[in-house]
Amino acid sequence: MAVIYDVIVAGGGPAGVAAAMAAARSGAKTLLIEANGSLGGTVTNGSLPAFCPFGNTDEPLIRGIGLELLEALRAETKLPAYYADSPEKPLYNWFPVDGEALKRILDEKVLSSGCELLLHAHLVDCETEEGVIRSVTVHTPGGMETFAAKVFIDCTGDGVLSAEAGCEIQMGNEEGLVQSGTLCFKIAPFDTERFIRYAEETGEGGNLLHACTRAMADGAFPAGETKVAGISFPYPGAAVLNFGHIYGIDPLNAASLTRAEVEGRKMLPELLRFLQNYVPGAEKAVIVSSGPAVGTRESRRVMGDYVLTKEDFFRRADFDDAIAYYCYPIDIHALRPGEQTKEWNELYYNRRYQPGEAYGIPYRCLTPKGIKNLLTAGKIISCDPIMLGSVRVVPCCFATGQASGTAAAMAVRSDSSVRSVDPKVLRDSLKRAGCFL
Ligand SMILES: Cc1cc2nc3c(=O)[nH]c(=O)nc-3n(C[C@H](O)[C@H](O)[C@H](O)COP(=O)(O)OP(=O)(O)OC[C@H]3O[C@@H](n4cnc5c(N)ncnc54)[C@H](O)[C@@H]3O)c2cc1C
């Protein structure tokens, strides 16, 4: 065990890259461990069409590293004219993601922060002693390697490190069911200009509501689908779709994920037929790529010193130790076929915040109970399954990632538990780094 790091971050999705960059920029010797061959997590490995909004006014709530990455992506992205003139213009609103550009940006940002990066490295185990994680074991193509650190951050999206360390875990609803997953995909050629004209004439938006409604009336909407599609155009001539639900996935079970991948690919021709027939611009499109991996919206949640709940969402909760503010509505995808219930639609459409409203996320949601040197960030933070519907989206993961990385570096500096980080000092540090608090 040659090097002892200050901070090891497991998982290089939105939360992990922000955590690693924040820890390294705060002066901590940081290692980021990622199982895939590129950074970005579900965004790049799951072909996500878009970042969710960074706020609900012209002033974004998610700033700091999240905004820095959004601006870097904007600078590299050649968006079709649609976005320049559309009321949906993606400044801090939905922003189309060119996954290849994002991969390069994340490589550059993470490495230039001073963080060491290990791709193709799958964390499989950890050694824990009296509530302190001493080291993690990583499976690489060449075999097992062990890395030690003073503080660890779990950003695996599945709570792998937290589960290995014995933290209290919750998953799914009272029956253990999680939200459905989706195999996102890209189609081309796509006549973006034709779509723009259609959008102008009909008011069609990025959720293809008009096209879906017409297909439903014709009985031609893909079987089993109850929710509208998400479409984006990160570059002219192609479109990316978040469309098609796969139910009953256990995100921790390889056999279940295998079934989901197979099912997801099998449904693509039917989804394409709907697009060709109902979405002007898609008539000649073929499926260019999918995934590469099926996206799972929900997995382990790691119980921390505070559990953020739907009641907190409803009361626009604020906390003395808030490390971020966010406002995205509770967005739950059906757990079973045909169950895009009134309740979920009510939450998404009718309980959304007015411009300027926000909820706070306490630092205590990032500190798993029972372990002194572990933090979490991203979609696994301590919340209930309803609140997960809001905190799981990318901008919020950037924010919790930056907070955990900054806090980890502070704990290293003071040689103390993550629990003794002073939230006021943490908030001041995040503010200095450009975060909105
Ligand atoms: C189908 C789908 C559509 C979505 N649409 C949107 C959208 O339009 N806009 C939006 O903002 N959000 C969207 N989301 C939500 C968002 O993509 C995720 O919630 C977000 O990416 C979570 O970020 P994260 O960093 O917590 O985890 P992830 O993105 O899951 O990243 C976790 C990373 O950890 C790595 N990892 C896992 N286990 C290990 C291990 N043992 N060792 C090493 N590395 C490991 C993974 O390879 C991955 O890179 C969508 C999600 C899904 C599934």
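The written sequence of each chain sets the order in which its residues are numbered from 1. Local features in this predicted model are restricted to residues whose pLDDT is 70 or higher, and side-chain atom pairs enter the listing and the counts only when it is 80 or higher, whereas totals over whole chains, interfaces and linings include all residues. Values shown for side chains rest on all heavy atoms present in the structure; no hydrogens or waters enter the calculation.

**Q** How would you summarise the site of the ligand if you had to cite specific residues and measurements?
**A** We call a residue near a molecule or strand when any one of its heavy atoms sits within 4 Å of it. Surrounding the ligand, one finds 35 residues, the nearest of these being E34, A50, L123, R392 and V394. Residue C52 places a main-chain N or O atom 3.0 Å away from an oxygen atom belonging to the ligand. Any pair of N or O atoms that falls within 3.5 Å is considered a polar contact. Within protein, one atom must be able to donate a hydrogen and the other to accept it, and sequence-neighbouring residues count only if both atoms are side-chain atoms. For the ligand, an oxygen atom lies 2.9 Å from a polar atom in the backbone of V394. Elements that contribute at least two residues to the shell around the ligand include exactly helix 1 (14–25), strand 3 (50–51), strand 6 (122–129) and helix 13 (394–413). Runs of E in the DSSP output that reach at least two residues are strands. Runs of H or I that reach at least four are helices, and both are numbered from the N terminus. Per-element tally for the shell around the ligand: the top contributor is helix 13, with three residues. Classification used: nonpolar for Ala, Val, Leu, Ile, Met, Phe, Trp, Tyr, Cys and Pro, charged for Asp, Glu, Lys and Arg, polar for all others including Gly. In terms of residue class, the shell around the ligand is built from 17 nonpolar, 14 polar and four charged.

**Q** Any details on the packing of helix 1 against helix 13? Residues and values, ideally.
**A** Packing of helix 1 against helix 13 brings their axes to within 7 Å, and their N-to-C directions diverge by 30°. Taken as a pair, helix 1 and helix 13 cross one another with a handedness that is right-handed. Packed against helix 1, whose contacting residues are P14, A15, V17, A18, A19, A22 and A23, the element helix 13 presents V394, C397, F398, G401, Q402, S404, G405, T406 and A409 at the interface. Here the residues of the contact of helix 1 with helix 13 are counted per class, giving 11 nonpolar, five polar and no charged. In this analysis, axes come from line fits to C-alpha atoms, helices being fitted only over the stretch in contact, and the angle between any two N-to-C directions falls in the range 0 to 180 degrees. Left-handed is the label given to a crossing in which the near helix is rotated counterclockwise from the far helix by less than a right angle, and right-handed is the label when the rotation is clockwise. Contacts are residue-level and defined by heavy atoms, with any inter-residue pair within 4.5 Å sufficient.

**Q** Explain the nonpolar core residue by residue, including any values.
**A** Side-chain atoms within 4.5 Å are what join buried Ala, Val, Leu, Ile, Met, Phe, Trp, Tyr and Cys residues into a set we call a nonpolar core. We call a residue buried when its accessible area falls under 20% of the maximum for its residue type, exposed when it is over 50%, and partly exposed in between, using a 1.4 Å probe and counting protein chains only. Within the largest apolar cluster, 90 residues are counted, with the highest numbers of intra-cluster contacts made by F51, L308, Y359, I361 and V391. A total of 12 residues in this core trace back to one element, the largest contributor, which is helix 13. Membership of the second largest hydrophobic core comes to 36 residues, among which are C212, M267, L268 and L271.

**Q** Provide a residue-level description of the packing of aromatic side chains, including the pertinent values.
**A** Here is the rule: rings of Phe, Tyr and Trp (six-membered ring for Trp) pair when centre to centre is within 6.5 Å. Planes less than 30 degrees apart are stacked, more than 60 are edge-to-face, and the remainder are tilted. Throughout the structure, instances matching the rule amount to 21 aromatic pairs. Measuring from ring centre to ring centre gives 6.2 Å for F51 and F54, while their planes differ by 50°; the resulting arrangement is tilted. Of the two residues, F51 and F54, both sit in the buried class. When the ring of F195 is compared with that of Y198, the centres are 5.6 Å apart and the planes differ by 65°; the resulting orientation is edge-to-face. Of the two residues, F195 and Y198 both sit in helix 7 (residues 192–202), three residues apart, roughly one turn of that helix. An aromatic cluster is defined as three or more aromatic residues linked by ring pairs; in this entry it consists of W94, Y326, Y328, Y348 and Y349. Placement of a charge over a ring requires the Lys NZ or Arg CZ to be within 6 Å of the ring centre, with the centre-to-atom vector within 35 degrees of the ring normal. Above the face of the F314 ring, R351 is positioned so that its terminal group lies 4.0 Å from the ring centre. For the cation-ring pair, R352 lies above Y348, with the distance from its terminal atom to the ring centre recorded as 4.7 Å.

**Q** Can you tell me about the sheet that holds strand 11 (residues 230–232), naming the residues and giving the values?
**A** Pairing is antiparallel across the open sheet formed by four strands, whose spatial order is 11-12-10-13. The outermost strands of the open sheet, each flanked by one partner alone, are strand 11 and strand 13 (286–290). Direction aside, the axes of adjacent strands within the sheet are offset by 30° on average. In this sheet, strand 13 lies alongside strand 10 (residues 185–188) in antiparallel orientation, the contact comprising four bridges. Across the sheet, the residue bridging to F185 is S290, located in strand 13. Packing of helix 9 (residues 254–278) onto the sheet brings it into contact with strand 10, strand 12 (239–242) and strand 13, and relative to strand 13 it is tilted by some 140°. Strand pairing is assigned whenever DSSP identifies at least 2 bridges connecting the two strands.

**Q** Describe helix 8 (residues 209–217), listing the residues and the values that go with them.
**A** Turning to helix 8, its buried residues are A211, C212 and A215. All buried residues of helix 8 fall inside an arc of 95° around its axis, so they share one side. Here the buried face of helix 8 lies against helix 7 and helix 9. This arc is built from the directions going out from the helix axis to the C-beta atoms.

**Q** For unusual backbone geometry, give the residues involved together with the corresponding values.
**A** In the segment running from A188 into P189, the intervening peptide bond is cis, with an omega of -5°. On the secondary structure map, P189 appears in the loop between strand 10 and helix 7. Backbone torsion omega between G291 and P292 reads 15°, so that peptide bond is classified as cis. Tracing the chain through its elements places P292 in the loop between strand 13 and strand 14 (301–302).

**Q** How would you explain the pairing of strand 7 (residues 132–140) if you had to name every residue and give the values?
**A** Of all nine residues that make up strand 7, seven are buried, and the element is covered over most of its length. In the sheet, strand 6 pairs with strand 7 via seven bridges, with the strands oriented antiparallel. The partner of C126 across the bridge, within strand 7, is V136. Where strand 6 hands over to strand 7, the hairpin turn is made up of two residues, of which E130 adopts a positive phi near 45°. As defined by bridge partners, strand 7 adjoins strand 8 (residues 143–154) across six bridges and the pair is classed as antiparallel.

**Q** Mind laying out the packing of helix 1 against helix 3 (residues 64–76), listing which residues take part and the relevant values?
**A** Orientation of helix 1 relative to helix 3, taken along the N-to-C sense of each, is 115°, at an axis distance of 10 Å. Viewed along their axes, helix 1 and helix 3 adopt a mutual orientation that is roughly perpendicular. The element helix 1 and its partner helix 3 pack so that their crossing is right-handed. Of the residues in helix 3, those in contact with V17, A18, M21, A22 and R25 of helix 1 are I65, E68 and L69. For the contact of helix 1 with helix 3, the class distribution of residues is six nonpolar, no polar and two charged. In these notes the angle categories are as follows: under 35 degrees is roughly parallel, over 145 is roughly antiparallel, 65 to 115 is roughly perpendicular, and the rest is oblique.

**Q** Just give me the short version of the domain arrangement of the chain, but keep the residues and values in it.
**A** Each domain's extent is set by a domain assignment, obtained either automatically or from a database. Per the domain assignment, the segments making up the chain are domain 1 (4–82 + 98–174 + 298–432) and domain 2 (185–290). Between the C-alpha centres of domain 1 and domain 2 there is a distance of 28 Å. At the interface, 24 residues of domain 1 touch 25 residues of domain 2. Throughout, the accessible surface (probe 1.4 Å) given up by two parts as they are put together, summed over both, is called the buried area. Buried area between domain 1 and domain 2, both sides added, is near 2000 Å², and the carbon and sulfur share of it is 64%. The tally of links between domain 1 and domain 2 comes to two residue pairs in polar contact (both at pLDDT 80 or more). Residues that form the side of domain 1 that touches domain 2 fall into these classes: 11 nonpolar, six polar and seven charged.

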